Amino acid sequence: MSFINYSSREINCKLVYYGPGLCGKTTNLQYIYNKTKPDAKGKMISLATETERTLFFDFLPLSLGEIRGFRTRFHLYTVPGQVFYDASRKLILKGVDGVCFVADSQLERMEANIESLENLRENLADQGYELDKLPYCIQYNKRDLPSVVPVEELSELLNPTRVPEFDAVATTGIGVFDTLKALAKQVLTELRKGS
Amino acid sequence: MQETSALNGLTQTVMYVDEVKQIQAVSDRLHQDSRARAILVVDKNGQLIASAGAASELDTTSLSSLVAGNVAATGGIAKLIEEEEFTGQYHEGKGISVHMTIVSRRVILVVLFDKNTTHGLVRLRVKKATVELERVLEEVTKKAKTPQVNVFAEITDADIDNLFND
């Protein structure tokens, strides 16, 4: 749910990175955090377990600059990917403006990708949202690993509606900002429509 | 604050200057009356609406997000045990304690306080402020029923592209 404050002249939008466990959602946010100028970002918060698995969410506030006199801020969230944290995932989708599905390109994670994508649809539906009507893009992460599935195959399997899709290696930053920009643009375009 | 229906079924929260002023006034008064360190008024999705007191010394963006996450998690617990809602939460620290109250199911009133006051006084003053905030939020709901102009309808593709030029 975008939040427009006429008093402080700010637009705030919430983007959520979703995907199976260990697909690289947190790594995306860490890369964005490391590469963003200090004045354009807030603190990155990670609510993680002792083994650095996301327990509740990661949070990164970004400030992109002004648009028509309004400061544009994006709040980036990740969800915990592990199957048993479903209740937490549901909560984080509340008030979402745009979703990035981070898929793990490795062959052995295909089932996990499909399961997570189905889970995303279900959890959005529980909150009254429809994935196909939301600003939404897909990132095929870990393209540098040996056992990756060809992008065409991933696309056919995970992206039947042909939303914007990006190859990525989040650890080195390949595709990370392309994904973020594509999603942010969709969200702002939606705002223009009067949503 | 106004929640409008969206094309895609999403809602949008809009805060206008008058409402922010009123909420700010309630926060300032609560800050003085309760002798608290800081007051935050946060919407349930984690956006800061108003703050008073020593809030400028705090990372209010992070605090707002965590407070909303905390309230959402507690709301999830309430649902599981078939309790309607936990309207209040209290975290006691050595130096600073935090009192949180959900107002009109939409905003979270957060009071950070230290030994300069007592939890009893904070609770008492929060009760009064809650009634005032409820009144403001009720007015806001009425206003939301009147269609407002979308100032962002004029945004061009170039405006959006310019944001990403760096």
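Just above, that's the structure.
Residues numbered from 1 in each chain as written. Chains lettered and ligands numbered in written order. Predicted model: local features only at pLDDT ≥ 70, side-chain atom pairs only at ≥ 80, totals over all residues. Heavy atoms only, no water.

1. Brief notes about the sheet that holds strand 3 (residues 38-43) of chain B
All names here are of chain B.
Alright, step 1. The antiparallel open sheet is built from 5 strands, whose spatial order is 4-3-7-6-5. Edge positions in the sheet fall to strand 4 (48-53) and strand 5 (88-91), since each has one partner strand and no second. In this sheet, adjacent strand axes meet at a mean angle of 15 degrees when their direction is disregarded.
Alright, step 2. Note: strand 5 against strand 6 (residues 97-103), 4 bridges, orientation antiparallel. Bridge assignment links Gly88 to a residue of strand 6, and that residue is Thr101.
Alright, step 3. Across the sheet, helix 3 (residues 119-144) touches strand 5, strand 6 and strand 7 (107-113), and the angle it forms with strand 6 is around 30 degrees. (Pairing = 2+ DSSP bridges. Helix = DSSP H or I, 4+ residues; strand = E, 2+ residues; numbered from the N terminus. Axes fitted to C-alpha atoms, helices over the stretch in contact; angles between N-to-C directions. Contact = heavy atoms within 4.5 Å.)

2. Notes on the environment of Lys90 of chain A
Residues and elements named next belong to chain A.
Alright, step 1. Counting through the fold element by element, Lys90 comes out in helix 2 (residues 86-92).
Alright, step 2. Put simply, Lys90 and Phe166 are 76 residues apart on the chain and 25 Å apart in space, counted from C-alpha to C-alpha.
Alright, step 3. With sequence-adjacent residues up to four places away left out, Lys90 is seen in contact with Asn123, Asp126 and Gln127.

3. A look at the interface of chain B and chain A
Alright, step 1. In this assembly, 41 residues from chain B lie in contact with 45 residues from chain A.
Alright, step 2. A buried area of about 4100 Å², summed over both sides, lies between chain B and chain A, and 63% of it is on carbon and sulfur atoms.
Alright, step 3. On the chain B side of the contact with chain A, Phe152, Leu163 and Phe164 of chain B bury the most area, a combined 18% of that side's loss.
Alright, step 4. Summed over the shared surface of chain B and chain A, the result is 8 residue pairs in polar contact (both at pLDDT 80 or more).
Alright, step 5. At the level of elements, strand 2 (11-15), helix 1 (17-34), strand 4, helix 2 (60-80) and helix 4 (157-163) of chain B are the ones that each hand at least two residues to the side of chain B that touches chain A. (Buried area = accessible area lost by both parts, 1.4 Å probe. Polar contact = N/O pair within 3.5 Å; in protein donor to acceptor, adjacent residues only side chain to side chain.)

4. Observations regarding the pattern of salt bridges
All names here are of chain B.
Alright, step 1. One pass over the full model with this rule turns up 16 salt bridges over all chains.
Alright, step 2. Asp114 is paired through a salt bridge with Arg37; the nearest N and O atoms lie 3.3 Å apart. Taken together, the residues Asp114 in the loop between strand 7 and helix 3 and Arg37 in the loop between helix 1 and strand 3 connect sequence positions 77 residues apart.
Alright, step 3. Here Lys44 and Glu85 are joined by a salt bridge, their closest N and O atoms 3.4 Å apart. Highlighted residues: Lys44 in the loop between strand 3 and strand 4 and Glu85 in the loop between helix 2 and strand 5, separated in sequence by 41 residues. (Salt bridge = Lys/Arg side-chain N within 4 Å of Asp/Glu carboxyl O.)

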